[in-house]
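Now for the letters of each chain:
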2 protein chains.
Amino acid sequence: MSRQLYDLTAADGTRFSPYCWRVKLALAHKNLNYETIPWHFTEKAAIATSGQEKVPVLRDGANIVSDSQIIADYLERTYPNEESLFGDPPARALIMFVKDWAETMLHPAISHIIVADVHRRLAPQDQPYFRQTREAMFKRSLEEIEADRPAALERFKATVKPLQRLFSHQSFIAGVSPNWADHIVFGALRWGTLISTTPLLPENDPILDWMGRVLSTYGMQAG
Amino acid sequence: MSRQLYDLTAADGTRFSPYCWRVKLALAHKNLNYETIPWHFTEKAAIATSGQEKVPVLRDGANIVSDSQIIADYLERTYPNEESLFGDPPARALIMFVKDWAETMLHPAISHIIVADVHRRLAPQDQPYFRQTREAMFKRSLEEIEADRPAALERFKATVKPLQRLFSHQSFIAGVSPNWADHIVFGALRWGTLISTTPLLPENDPILDWMGRVLSTYGMQAG
């Protein structure tokens, strides 16, 4: 296949990267077929042609594009006849608020809960790299972060309140169908729910219902 | 004038209601002239014809409309030839995320800081009503809430991070010009900055710059 996505993988094959999930949903939104190439944190050489060291990296024919937002912009520009990822202004600008909210509030809330779980799920060769970079980022050991899990769960519960309220009156963040705003927030919550050994949300939570609606919009599996 | 807005007032005439500010910006957005009628919390009788007890209440010719969101919908429907408050879908749906974020995160963060300050600024006849309703809402005395101000300020600082990041790369929440999303968030921050006896934001904060841009878009005064 001419379209390939380098997709971060755990030791057991679980694909958990929030940024890769964004791109998988965006590709589905644009009706584009692709195959994923499982990628480990330490396989920097495999994506060196992208000019940087992180996934998602999309290979689309002769084009190599990295960074989830740049990939979304690329898809929107390259496949303009498919459903828009952003809608017209001001929708595109408003999605940037959702993105900045997700990245400054939701991602930190989730990562505090799951960072030690992620470490345990990685392939052995990825674990030292992950520990070193994350402990530098958090300025604490993984074990110290994990000891704070109850407080982190409280913070997560407070952080997702706007989503719970939103889904009590509309189906998707973008309204009647999902767009890039939904992809961004879904990516974060998929990362959290796939990895966390502590349930993040009660079974009947409106956020889980919305995640199911996102997957079924694109004919994707929950499992 | 045929268009009048009942606008909550402090003892010294300061108009601080976040919901009234939304409507004043929406009226300016629609190029509609209006006069405000200063209104006190205890003047329920003055707005009884609206069928409820809270401001904003807009009297537009023969129409009496209350609730800021219902007023915005009314203005959009009644004045369709003026600039849209919402934009087309999915923008309108995305604004609801901003609204739910503002009301579940930003409003509580601000109200914890300023509720005792608001009480001090009210006309004497409003103070007992305000104390009683707010202490029931918070399940604590105003004095107990005020004692927690340092923690509330920390929570506020964390809550506004998405806005600070957003305004580092775009001018308004809705992009190149403000819309109802900006009006909602501005209302909350105007309420906070007008009333708080502790500065909420440093002088050079990008949020204050954005507040200035919103006011100058509509030719309104900062003072």
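Further up the page is the structure itself.
Engineer: Please set out the interface of chain B and chain A residue by residue, giving values where relevant.
Structural biologist: Interface size is commonly expressed as the accessible surface area that is lost when the partners come together. In this assembly, 30 residues from chain B lie in contact with 30 residues from chain A. Taken together, both faces of the contact between chain B and chain A bury some 2500 Å²; the carbon and sulfur share is 72%. Considering only the surface of chain B that becomes buried against chain A, B:Leu94, B:Phe97 and B:Arg165 emerge as the three largest contributors, covering 29% of it. Linking chain B with chain A are 4 salt bridges, by the criterion used here. Between A:Asp100 and B:Arg165 there is a salt bridge, with the nearest N and O atoms lying 3.1 Å from each other.

Engineer: So what's going on with the side chain of A:Asn179? Residues and values would help.
Structural biologist: Topologically, A:Asn179 is positioned in the loop between α7 (161-166) and α8 (180-195). With residues near it in sequence (within four places) discarded, A:Asn179 still touches A:His29, A:Leu85, A:Phe86, A:Ile95, A:Ala174 and B:Pro90.

Engineer: How would you summarise the sheet that holds strand β3 (residues 57-60) of chain B if you had to cite specific residues and measurements?
Structural biologist: Two modes of strand pairing occur in sheets, parallel and antiparallel, and in both the strands are linked by backbone hydrogen bonds. Residues and elements named next belong to chain B. Taken in spatial order, the 4 strands of this open sheet run β2-β1-β3-β4, and their pairing is mixed. Each edge of the open sheet is held by one strand with a lone partner, namely β2 (35-39) and β4 (63-66). Averaged over all neighbouring strand pairs, the angle between strand axes comes to 20 degrees, with direction disregarded. Summarising the sheet, strand β1 (residues 3-8) and β3 pair through 4 bridges and their orientation is antiparallel. Residue pairing in the sheet places Gln4 in a bridge with Arg59 of β3. Running over the sheet, helix α1 (residues 18-29) touches β1, β2 and β3 and is turned about 155 degrees from β1. Contacts from helix α2 (residues 68-78) reach β3 and β4, with the element oriented near 135 degrees to β4.

Engineer: Outline the sheet that holds strand β1 (residues 3-8) of chain A, supporting the account with residue identities and numerical values.
Structural biologist: Residues and elements named next belong to chain A. In space, the 4 strands of this open sheet follow the order β2-β1-β3-β4, with mixed pairing throughout. On the outer flanks of this sheet lie β2 (35-39) and β4 (63-66), each paired with one strand and no other. Across the sheet, the axes of successive neighbouring strands diverge by a mean angle of 20 degrees, strand direction being ignored. The strands touched by helix α1 (residues 18-29) are β1, β2 and β3 (57-60); relative to β1, the strand with the most contacts, the crossing angle is about 155 degrees. Taken strand by strand, helix α2 (residues 68-78) contacts β3 and β4, and its axis lies near 135 degrees from that of β4.

Engineer: Explain the packing of helix α3 (residues 91-121) of chain A against helix α6 (residues 149-159) of chain A residue by residue, including any values.
Structural biologist: Residue and element names in this part refer to chain A. For the pair α3 and α6, interaxial distance at closest approach is 10 Å and the crossing angle is 145 degrees. Seen along the crossing, α3 lies across α6 with a hand that is left-handed. The segment α3 lies against α6, with Trp101, Met105, Leu106, Pro108, Ala109, Ile110, His112, Ile113, Asp117 and Arg120 engaging Arg149, Ala152, Leu153, Arg155, Phe156 and Thr159. Counted by class, the contact of α3 with α6 contains 10 nonpolar, 2 polar and 4 charged residues.

Engineer: Break down empty space enclosed by the protein for me, with residues and values.
Structural biologist: Residue and element names in this part refer to chain A. Across all of its chains, the model carries 1 cavity of 30 Å³ or more by this definition. Taken together, Tyr6, Ala46, Ile47, Thr49, Ser50, Val57, Arg59 and Ile64 make up the lining of the largest cavity. Per-class residue counts for the lining of the largest cavity are 5 nonpolar, 2 polar and 1 charged.

Engineer: Can you explain the pattern of salt bridges? Please cite residues and give values.
Structural biologist: A full pass over the atoms with the stated rule returns 36 salt bridges over all chains. In this structure, A:Arg149 and A:Glu146 form a salt bridge, with 2.9 Å as the shortest nitrogen-oxygen distance. Owing to a relative accessible area of 9%, A:Arg149 belongs among the buried residues under this scheme. A relative accessible area of 25% means that A:Glu146 is categorised as partly exposed. Residue B:Arg120 pairs with B:Asp117 through a salt bridge whose shortest N-O separation is 2.7 Å. Within this pair, B:Arg120 and its partner B:Asp117 are both found in helix α3 (residues 91-121), separated by 3 residues, close to a single helical turn. Overall, B:Arg120 belongs to the partly exposed group, its relative accessible area being 48%.

Engineer: So what about the packing of α3(B) against helix α4 (residues 127-138) of chain B? Which residues, and what values?
Structural biologist: All names here are of chain B. In the contact formed by α3 and α4, the axes pass within 9 Å of each other and the chain directions differ by 160 degrees. Here α4 runs roughly antiparallel to α3, going by the angle between their axes. α4 is crossed by α3, and the crossing has left-handed handedness. Contacts between α3 and α4 pair Ser111, His112, Val115, Val118, His119 and Arg120 from the former with Gln127, Phe130, Arg131, Arg134 and Phe138 from the latter. Residue composition of the contact of α3 with α4, by class: 4 nonpolar, 4 polar and 3 charged.

Engineer: If you had to explain the nonpolar core to someone new, which residues and values would you point to?
Structural biologist: Core analysis: the largest hydrophobic core is formed by 148 residues, its most contacted members being A:Ile173, A:Trp210, B:Ile173 and B:Trp210. Not counting the four nearest positions on each side in its chain, B:Trp210 is found in contact with B:Phe167, B:Ser171, B:Phe172, B:Ile173, B:Asp182, B:Val185, B:Phe186 and B:Leu189.

Engineer: Could you give an account of the relation of the copies chain B and chain A, with specific residues and numbers?
Structural biologist: Taken as rigid bodies, chain B and chain A are interconverted by a rotation of 180 degrees and an axial shift of 0.0 Å, the fit giving an RMSD of 0.0 Å. Taken together, the turn and the small shift mark the pair as related by a two-fold rotation axis. Taking C-alpha positions as reference, the residue of chain B nearest the rotation axis is B:Ala91, located at 2.0 Å. In this assembly, 100% of the residues forming the interface of chain B have copies in chain A that are likewise at the interface, indicating an isologous arrangement.

Engineer: Can you tell me about the environment of A:Leu200, naming the residues and giving the values?
Structural biologist: Residue and element names in this part refer to chain A. Note that Leu200 resides in the loop between α8 and α9 (206-217). A residue is classified by how much of its surface remains accessible, and Leu200, at 9% relative accessible area, is buried. It is 7.3 Å that separates the C-alpha atoms of Leu200 and Leu153, two residues lying 47 residues apart in sequence.

Engineer: How would you sum up the environment of A:Glu76? Please name residues and give values.
Structural biologist: Residue and element names in this part refer to chain A. Tracing the sequence through the fold places Glu76 in helix α2. Under the relative-accessibility criterion, Glu76 is labelled buried at 18%. Along the sequence, Glu76 and Phe86 sit 10 residues apart, while their C-alpha atoms lie 8.2 Å from each other. Beyond its immediate sequence surroundings of up to four residues, Glu76 is in contact with Lys30, Glu83, Ser84, Leu85 and Phe86.

Reading guide: rules and limits
- Residues numbered from 1 in each chain as written.
- Chains lettered and ligands numbered in written order.
- Predicted model: local features only at pLDDT ≥ 70, side-chain atom pairs only at ≥ 80, totals over all residues.
- Heavy atoms only, no water.
- Contact = heavy atoms within 4.5 Å.
- Buried area = accessible area lost by both parts, 1.4 Å probe.
- Salt bridge = Lys/Arg side-chain N within 4 Å of Asp/Glu carboxyl O.
- Helix = DSSP H or I, 4+ residues; strand = E, 2+ residues; numbered from the N terminus.
- Pairing = 2+ DSSP bridges.
- Axes fitted to C-alpha atoms, helices over the stretch in contact; angles between N-to-C directions.
- Left-handed = near helix turned anticlockwise from the far one by under 90°.
- Nonpolar A, V, L, I, M, F, W, Y, C, P; charged D, E, K, R; others polar.
- 1 Å grid on protein atoms, 1.4 Å probe; cavity = no way out; pocket = protein on both sides within 12 Å on 5 of 7 lines; lining within 4 Å.
- Points joined across faces, edges and corners; volume = space filled by probe spheres on them.
- Buried < 20%, exposed > 50% of the residue type's maximum accessible area, 1.4 Å probe, protein only.
- Parallel < 35°, antiparallel > 145°, perpendicular 65-115°, else oblique.
- Core = buried A, V, L, I, M, F, W, Y, C linked by side-chain atoms within 4.5 Å.
- Least-squares fit on C-alpha atoms with pLDDT ≥ 70 in both.

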